[in-house]
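# Residue-level structural notes
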Amino acid sequence: MATFEVLTEGYIREGDDLRVASTVSFVRDGAALIVIDPGMVSSVSQILDPLRDLGIEPEAITDVVFSHHHPDHTINAALFANARIHDYWATYEADLWIDREAEGFQVSPDVTLLQTPGHTREDVTTLVTTEGGVVAFTHLWWMAEGPADDPYTIDREVHRAQRERVLERAALIVPGHGPAFAPDGATAR
C-alpha cells in the first residue's frame, strides 16, 4: 500500500500583504514517487528538504499531480524535470501530451484521480489507499476550519455534491491550504 508525507502545510494569511502557500504532499506507491500540488511556498527548500530527508532527490520524482491550475498549486512543478504531470484532462511527459479524463485514472496501483469540480471546473482529487484508509488530497476544502463555502466556487451545489462524494471514500483529507484532518460531522459539506 501507498504511504504519504505532507512536505509543507499550506496557509492563507491576509493582512498588509497576502501570503499564500499550497499544501505540498509526497506519496510513495511502489516505484511511483508522486508530488501533489508543488505550488507557492516561501522557499523551495520547504519542498526539497523534506524530500531529501526521505532520501528522495527531485529528479527521482516520477509523477506530479495538480489539484487545479492556479499558480499557488503549480508554480514549482519545474523542480521535478523527469516527472509526468497529471491534471484534469491529460498527462504530460517531456513533449508528449496524452489526452485522458482524470476520472478513475490510475497514476499507480494505489493512487487514483477523480474529477471533482468545485473550486474550479478543472479540480482533481487524488485518492491514495494507505494502511490507515483512503487519503484524499483535494482543494474541495481550503482547510478544516473553512471557508465553509468556497468564495470562488463555480457552482455551490456541484461543490457540495463533490464534497459528499469524497467524504464517502476518505478517512483523511489533505486540503489545499492547511493541515490534514479526519472528516467528522462538523466538516463543511
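Check the entry above for the structure.
Structure report, in brief. Residue positions within a chain follow its written sequence, with the count starting from 1. Reporting in this predicted model follows two pLDDT cut-offs: at least 70 for local features of residues, and 80 or more for side-chain atom pairs to be given and counted; totals over whole chains, interfaces and linings ignore these cut-offs and use all residues. No hydrogens and no water enter the side-chain calculation; it runs on all heavy atoms of the structure.

If you check helix 3 (residues 156-167), its first and last C-alpha atoms are 16 Å apart, about what twelve residues at 1.5 Å a residue would give, namely 16 Å. Categorising residues by exposure relies on relative accessible area from a 1.4 Å probe, with only protein chains included: less than 20% of the type maximum marks a residue as buried, more than 50% marks it as exposed, and the intermediate range marks it as partly exposed. Every helix listed is a DSSP run of H or I at least four residues long, and every strand listed is a run of E at least two residues long, numbered separately from the N terminus. By the burial criterion, the buried members of helix 3 are His-159, Gln-162, Arg-163, Arg-165, Val-166 and Leu-167. The contact criterion used throughout is that any non-hydrogen atoms of two residues lie within 4.5 Å. At its buried positions, helix 3 is contacted by strand 11 (111-115), strand 12 (124-130), strand 13 (133-137) and strand 14 (172-174). Throughout this description, a polar contact denotes any pair of N or O atoms lying within 3.5 Å of each other; where both atoms belong to protein, one of them has to be capable of donating a hydrogen while the other can accept it, and for residues adjacent in sequence the pair is counted only when both atoms sit in side chains. Between a side-chain oxygen at the N-terminus of helix 3 and the backbone nitrogen of Glu-157 the separation is 2.9 Å; the capping residue is Asp-155. By this rule, a helix spans an expected 1.5 Å times one less than how many residues it contains.

Turning our eyes to something else, we now look at the pattern of salt bridges. When a carboxyl oxygen of Asp or Glu is within 4 Å of a side-chain nitrogen of Lys or Arg, the pair counts as a salt bridge. Scanning the entire structure with this criterion turns up six salt bridges. As a salt-bridge pair, Glu-103 and Arg-165 come within 2.3 Å of each other at their nearest N and O atoms. Taken together, the positions of Glu-103 in the loop between strand 9 (96-99) and strand 10 (106-108) and Arg-165 in helix 3 put the pair 62 residues apart, joining distant regions of the chain.

So, about the nonpolar core. With 19 residues, the main nonpolar core has Phe-26, Val-35, Ile-47, Leu-51, Ile-61, Val-64 and Phe-80 as its most contacted residues. When residues of this core are assigned to their parent elements, the largest contribution, three residues, is made by helix 1 (residues 45-53). Counting residues in each nonpolar core, the second largest holds 16 residues, with Ala-2, Ala-102, Val-111 and Phe-137 among its members. Buried Ala, Val, Leu, Ile, Met, Phe, Trp, Tyr and Cys residues form a nonpolar core when they are joined through side-chain atoms within 4.5 Å.

When DSSP locates at least two bridges between a pair of strands, those strands are taken to pair. Reading across the sheet, the seven strands line up as 1-4-5-6-7-8-9 and stay open at both edges, with mixed pairing between neighbours. Only two strands of the sheet have a single partner each, and these edge strands are strand 1 (3-8) and strand 9. Direction aside, the axes of adjacent strands within the sheet are offset by 20° on average. Here strand 6 (residues 63-65) runs beside strand 7 (residues 84-86); their pairing, made up of three bridges, is parallel. Between N-to-C directions, angles span 0 to 180 degrees; the directions come from axes that are lines fitted to C-alpha atoms, helices contributing only their stretch in contact.

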